[in-house]
Amino acid sequence: MTVQDVAFSIAIAGIVVIAFGFILIISQSGKHADEGRNRRNVHRSHVLQAWAFGVLLVVFVTGSWATLHKLPIPPQHQPLGAKQVVDVVGHQWFWQIKPNTIQTGSKVEFRVTSADVNHDFAIYAPDGLIVAQVQAMPGYTNKLLYTFSEPGTYTVQCLEYCGVGHAPMRSDFRVVNAVAQGTRADTNMAISDALPATATQPATKPAVPDGAQLFSANCAACHQATGTGLPGVFPPLKGNSVVNDPDPTRQIHAVLHGLSGEVVDGTKYAGAMPGFKDILDDSQITAIINHERSAWGNHGKPVMAAQVAAARAAGKQL
Amino acid sequence: MATMTLYPREERLAGSERLVFNLYLIGAVTLFALMMLIGLTMRMSQAGWLGVPPDWFYRLLSMHGAGMVGTMVMASTAIMWFFLRKYVHLHLWAFAANFTLFLLGALCIIISVFLGGYGGLWTFLYPLPSMGMGMWSPGAAALFLLGYLLIGVGELLFYLDAAAGIIKVHGNFWHALGWNWLFGGTVNPDHPKAVVASTSMIIANSLGILAGAIVLVMCLLHIFFAVDLDPLFTKVLIFWFGHMYINAAIYMGVIAIYELLPRYTHKPYPLNRVFLWGWAGTTVFVVVVFGHHLLMDYAVPHWFLVLGQITSWTSGFPVFVVTAWGGLSNIYQANMRPWKMPARLMILSLFAWVAGGFCAVVDSTMRFNLVMHNTQWVPGHFHTYLLLGVLAMILALMYHVIGERRQHLPDHGADRMMFPVYLGGALIFLFGFLEGGRASVPRRMATHLPAWQFTDKVGSIGGVLVVLAMLYFAIRITAGLLTSESDPPPATEDGRVGLSDATG
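### Some details on the pattern of salt bridges
What the rule picks out here adds up to 15 salt bridges over all chains. A salt bridge links Asp5(A) to Arg438(B); its shortest N-O distance comes to 2.8 Å. One end of the pair, Asp5(A), is in helix H1 (residues 3-28); the other, Arg438(B), is in helix H14 (residues 413-438), on a second chain. A salt bridge links Glu160(A) to Arg444(B), with the shortest nitrogen-to-oxygen separation between them at 3.8 Å. One end of the pair, Glu160(A), is in the loop between strand E8 (152-158) and strand E9 (170-176); the other, Arg444(B), is in the loop between H14 and helix H15 (453-481), on a second chain. No difference in accessibility class separates Glu160(A) from Arg444(B), as the two residues are buried. Each of Glu11(B), Lys86(B), Glu259(B) and Arg263(B) takes part in salt bridges that share partners, so that together they form one network.

### A closer look at the packing of aromatic side chains
All names here are of chain B. The tally for this structure, following the rule as stated, stands at 50 aromatic pairs over all chains. With a centroid separation of 4.1 Å and 5 degrees between ring planes, the pair formed by Tyr-24 and Phe-95 is classed as stacked. Residue Tyr-24 is found in helix H1 (residues 15-46), and its partner Phe-95 is found in helix H3 (residues 92-114); the two are separated by 71 residues along the sequence. In this structure, Tyr-24 and Phe-95 share a single accessibility class: buried. Taking the centre distance of 6.0 Å and the plane angle of 35 degrees together, the rings of Trp-56 and Phe-114 count as tilted. In this pair, Trp-56 sits in helix H2 (residues 54-84) while Phe-114 sits in helix H3, placing the two residues 58 residues apart along the sequence. Residue Trp-56 is classed as partly exposed on the basis of its relative accessible area of 33%. According to the relative accessible area criterion, Phe-114 is partly exposed, its value standing at 30%. Aromatic ring contacts, followed pair by pair, group Phe-21, Tyr-24, Trp-81, Phe-82, Phe-83, Phe-95, Phe-99, Phe-158 and Tyr-159 into a single cluster. When the ring centre of Trp-56 is taken as reference, the NZ or CZ atom of Arg-59 above it lies at 4.2 Å.

### Digging into the state of the cysteines
One way to say it: the disulfide is the covalent bond shared by the sulfur atoms of two cysteines. All names here are of chain A. Under the definition given, this model contains 0 disulfides over all chains. Left unpaired, Cys-158 is separated from the closest cysteine sulfur, that of Cys-162, by 3.8 Å. The class for Cys-158 is buried, based on a relative accessible area of 0%. Free of any disulfide, Cys-222 has its nearest cysteine sulfur in Cys-219, 8.5 Å distant.

### Quick word on the side chain of Asn22(B)
Residues and elements named next belong to chain B. Mapped onto the fold, Asn-22 is located in helix H1. By relative accessible area, Asn-22 is classed as buried at 9%. In contact with Asn-22, not counting residues within four places along its chain, are Gly-27, Arg-405, Leu-481 and Leu-482.

### Regarding the sheet that holds strand E4 (residues 107-114) of chain A
Residue and element names in this part refer to chain A. Overall, mixed pairing links the 4 strands, which are arranged E2-E1-E4-E7 in an open sheet. Each of the sheet's edge strands pairs with one partner strand only, and the pair in question is strand E2 (94-98) and strand E7 (142-147). Within this sheet the neighbouring strands show an average axis-to-axis angle of 25 degrees, counted without direction. Judged from the 7 bridges that link them, strand E1 (residues 84-91) and E4 form a sheet pairing that is parallel. Along E4, the bridge assignment pairs Val-85 with Glu-109.

### Some points on the interface of chain A and chain B
Each side of the interface is counted separately: chain A has 88 residues, and chain B has 90 residues. Of the roughly 7700 Å² buried between chain A and chain B, counting both surfaces, carbon and sulfur atoms make up 70%. On inspection of chain A and its partner chain B, the count reaches 2 salt bridges. If you look at where chain A meets chain B, you find 34 residue pairs in polar contact (both at pLDDT 80 or more). When residues in the side of chain A that touches chain B are grouped by element, the largest group, 21 residues, is from helix H2 (residues 35-68) of chain A.

### Details of the confidence of the model for chain B
All names here are of chain B. Per-residue confidence for chain B averages 93 on the pLDDT scale, and 96% of its residues sit at or above 70. Note on residues 490-504: pLDDT is under 50 here. Beyond four places in sequence and across chains, it has 49 contacts. Reported for the predicted complex are a pTM of 0.91 and an ipTM of 0.92.

### Considerations on a positive patch on the surface
There is a patch of like positive charges on the surface, built from Lys31(A), Arg37(A), Arg40(A), Arg44(A) and Arg337(B). With respect to the helices, strands and loops of the structure, Arg40(A) is situated in helix H2.

### Regarding the packing of H3(B) against helix H4 (residues 138-170) of chain B
Where H3(B) contacts H4(B), the two axes come as close as 8 Å, and the packing angle between them is 170 degrees. On the basis of the axis angle, H3(B) is roughly antiparallel to H4(B).

### Let's talk about the nonpolar core
The biggest cluster of nonpolar side chains holds 238 residues, and the ones touching the most others in it are Phe110(A), Phe121(A), Phe21(B), Phe124(B), Tyr422(B) and Phe473(B). Mapping this core onto the domain boundaries places at least three of its residues in each of domain 1 (84-207) and domain 2 (214-314) of chain A. Among residues more than four places away in sequence, those in contact with Phe21(B) are Leu13(B), Ala78(B), Trp81(B), Phe82(B), Phe95(B), Leu397(B), Val401(B) and Arg405(B). By size, the runner-up hydrophobic cluster in this structure holds 19 residues, among which are Phe94(A), Leu256(A), Ile288(A) and Val308(A).

### A word on unusual backbone geometry
Residue and element names in this part refer to chain A. Here the bond from Gln-92 into Trp-93 is cis, since omega is 0 degrees, no more than 30 degrees from zero. Residue position: Trp-93 is located in the loop between E1 and E2. The backbone of Gln-224 shows a phi angle near 70 degrees, a positive value even though the residue is not glycine. By the secondary structure assignment, Gln-224 is in the loop between helix H5 (220-223) and helix H6 (241-244). For Gln-224, a relative accessible area of 25% puts it in the partly exposed group.

### Some thoughts on the sheet that holds strand E5 (residues 119-124) of chain A
Residues and elements named next belong to chain A. One open sheet holds the 5 strands; their spatial order is E3-E9-E8-E5-E6, and the pairing between them is mixed. Strands with a single pairing partner mark the edges of an open sheet, and in this sheet they are strand E3 (101-103) and strand E6 (130-136). Strand-to-strand twist of the sheet, defined as the mean angle between neighbouring strand axes without regard to direction, takes the value 25 degrees. When E3 meets E9, the two strands line up parallel, connected through 3 bridges.

### Quick look at the domain arrangement of chain A
Residues and elements named next belong to chain A. As assigned here, chain A comprises domain 1 (84-207) and domain 2 (214-314). Each side of the interface is counted separately: domain 1 has 13 residues, and domain 2 has 14 residues. Surface buried jointly by domain 1 and domain 2 totals about 940 Å² across both partners, of which 67% is contributed by carbon and sulfur atoms. One can count 0 salt bridges joining domain 1 with domain 2. At the boundary of domain 1 with domain 2, the tally comes to 0 residue pairs in polar contact (both at pLDDT 80 or more). Here the side of domain 1 that touches domain 2 takes 3 residues from E2, the largest share from any one element.

### Some remarks on a nonpolar patch on the surface
All names here are of chain B. The grouping of Val-217, Leu-221, Phe-224, Phe-225 and Val-227 at the surface amounts to a nonpolar patch, some 480 Å² of accessible area in total. Among the structural elements, Val-227 can be located in the loop between helix H6 (193-225) and helix H7 (231-253). Overall, the relative accessible area of 34% leaves Val-227 in the partly exposed class.

### A short note on the packing of helix H7 (residues 249-257) of chain A against helix H9 (residues 305-314) of chain A
All names here are of chain A. For the pair H7 and H9, the least separation of the axes is 10 Å and the interaxial angle reads 60 degrees. Between H7 and H9, the crossing angle belongs to the class labelled oblique. Two packed elements cross with a definite hand, and for H7 against H9 that hand is right-handed. Across the interface between the two elements, Ile-252, Leu-256 and His-257 from H7 touch Gln-307, Val-308, Ala-311 and Arg-312 from H9. Partitioning the contact of H7 with H9 into residue classes produces 4 nonpolar, 2 polar and 1 charged.

Rules used throughout
- Residues numbered from 1 in each chain as written.
- Chains lettered and ligands numbered in written order.
- Predicted model: local features only at pLDDT ≥ 70, side-chain atom pairs only at ≥ 80, totals over all residues.
- Heavy atoms only, no water.
- Salt bridge = Lys/Arg side-chain N within 4 Å of Asp/Glu carboxyl O.
- Helix = DSSP H or I, 4+ residues; strand = E, 2+ residues; numbered from the N terminus.
- Buried < 20%, exposed > 50% of the residue type's maximum accessible area, 1.4 Å probe, protein only.
- Phe/Tyr/Trp six-rings, centres within 6.5 Å; stacked < 30°, edge-to-face > 60°.
- Lys NZ or Arg CZ within 6 Å of the ring centre and 35° of its normal.
- Disulfide = S-S within 2.5 Å.
- Contact = heavy atoms within 4.5 Å.
- Pairing = 2+ DSSP bridges.
- Axes fitted to C-alpha atoms, helices over the stretch in contact; angles between N-to-C directions.
- Buried area = accessible area lost by both parts, 1.4 Å probe.
- Polar contact = N/O pair within 3.5 Å; in protein donor to acceptor, adjacent residues only side chain to side chain.
- pLDDT = per-residue confidence, 0-100.
- Patch = residues over 30% accessible without salt bridge, like charges linked within 9 Å, V, L, I, M, F, W, Y side chains within 5 Å.
- Areas by Shrake-Rupley, 256 points an atom, 1.4 Å probe, with all protein chains shown as cover.
- Lys, Arg positive; Asp, Glu negative; His and termini not counted.
- Charge placed at Lys NZ, Arg CZ, Asp CG, Glu CD.
- Parallel < 35°, antiparallel > 145°, perpendicular 65-115°, else oblique.
- Core = buried A, V, L, I, M, F, W, Y, C linked by side-chain atoms within 4.5 Å.
- Domains from an automatic or database assignment.
- Left-handed = near helix turned anticlockwise from the far one by under 90°.
- Nonpolar A, V, L, I, M, F, W, Y, C, P; charged D, E, K, R; others polar.

So, in structure tokens, the structure goes:
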């Protein structure tokens, strides 16, 4: 039984008991009581009321102790001693999660913050239920402790409304069975050695970024997984003239420095696009652009990492 | 204690008072119906039955949240005024000014949302209003915040006038709350419950409105002068304001039950020490309980989060052990058949308040909040005590008033038919949310994964029934309120007097 099932069962059981009580009293409401009976009813009601208060008081005291004697929230201003530490930054509308592979069996300390507005870092297990969450607030780092017991791919969903891209603000990380005991560095090293490297892992050996995965994590919230964008808000990439332009300069510039109030293929779009120059490296941006240039029927000429590097060095001026 | 005369002379409205009161109630039912249509649109979009683009979804959500909360408080303010004026002198200008400022504020909000594109939700969580990413301008966000300020100022004006009236009669808040009887002395059974409840909310909600005013001005300074704010401090103030405001709707609305229920049961409902202790607890708990909105903000001092859980649990005591218990005791063997609409709605509201409150207690328990925060459990529990609780209290007063205007107890066949449509539809609608919460379906989200859409569909079906019922209520009540009284004055139904010591 999950925590959600326990909460739901308690709530439904409580509602049923309350409803039963109301129905019982309502069923008696049509009866008539003379003055003497009324006085006895009043006295009985007072006695039952006192008993109800007493029972609820006991429930309150025991329930409070049971749920609070060991606070489910870790201390925020002292070392937590977790072997695994994951840094999380929420952005409008994507997550940075480093590292994105975790071992089972030992505590993981998530250090969660936001680069812009309030977000909510909610971890969904492979069964689709939340296992833990914490708010991501700009200027604050909240520490969440959790121990994973089951391997699998866990999804992170933003649960704090953060703007029009809130719903697709989704990412994931992998939980693998523990491979070695040791320090944080050893643990991360062991994870890296055990798995094929991906672009968002701290690299211990050269990794080939997965453009589709990076697009999904960073761009799909606005441009959609289908590349169709949001009419009037975020432009489509499918059939986009900039994406299909043999000269990738404008596209590289947009990804590096962002855009706002842009007219694309004759349509003005209200949404603002953040720049990714401080978030993604040249190889990652190259992978994303090449994914966009080849997906959804697009036929743009692939770009090289050197072109992205040159554009980065040239700065914001187009 | 509250009169048992069904339609006492001192409650009759005429002239300007009747006009302003009618505006409140007709405004309320109209806005409720419109906001419900917006809500249904969103649920059907989440279900995949309508295709509302995300930018429009969040505009609608902003309008629905602000509109419902504002309208609930506006309507329950009318309840408070209707009964409190019998015990203390209230100036009509303050009551009218509140309504005028409410309308102006609502207009600002409507313009900011539908013309300015504001989609930052009722919570206006800093710094989101100034980071719309092109969806809305800072000006639109500022207009939304100004709308809130106007509504808050209006409510504060009404409270100040009511406070002055209460102090003139009772000397001070201490006596108005009956705290002089908490530890001894003979409780005056005729001390009006309406005065106790009104005083409690004047104190608590004024504090909440002041917190809101501070944070609204801070946010406006940020928008216009780029003043940087602390996001945690602003979030604390926002939720103190918001939580308090919507709770005031319930605690003002319950005055209708204290005043009206004995008229339909023909059993007195006097004040006693237990009642006074219940309201003393409420006055304190409701001010400090809002920490339960911040349980996942680990940066908040943990003692405050613990206080949030504890006071969430203790807040249930006055609701269940005092008010609901007292209401049920009042209807027990009260020879009530056949039930009339006001009585049905009042008892329904008590049930929903207790049931929804129980779900709220579950969510405010940290261990559960860890997995249910910001899921659909949250709208599940608050829609329970708002849709079936506060709304039912408001409808109960409205039905009672139209009964007076039409000179007979309101209970048409259509009323008896729409009541189960309202109740049944709401239960289905609420189940959609609560089951969604159990299944970790997020709240406040425009597009849902296919796995989440079953409960959206269930909720939408329930929502259709609720909207149908609300449209009926809106038309029925508007028509009833606009019916003129005929001369001579309506016959009042004399209650059976003399029964004593019904529990309160």
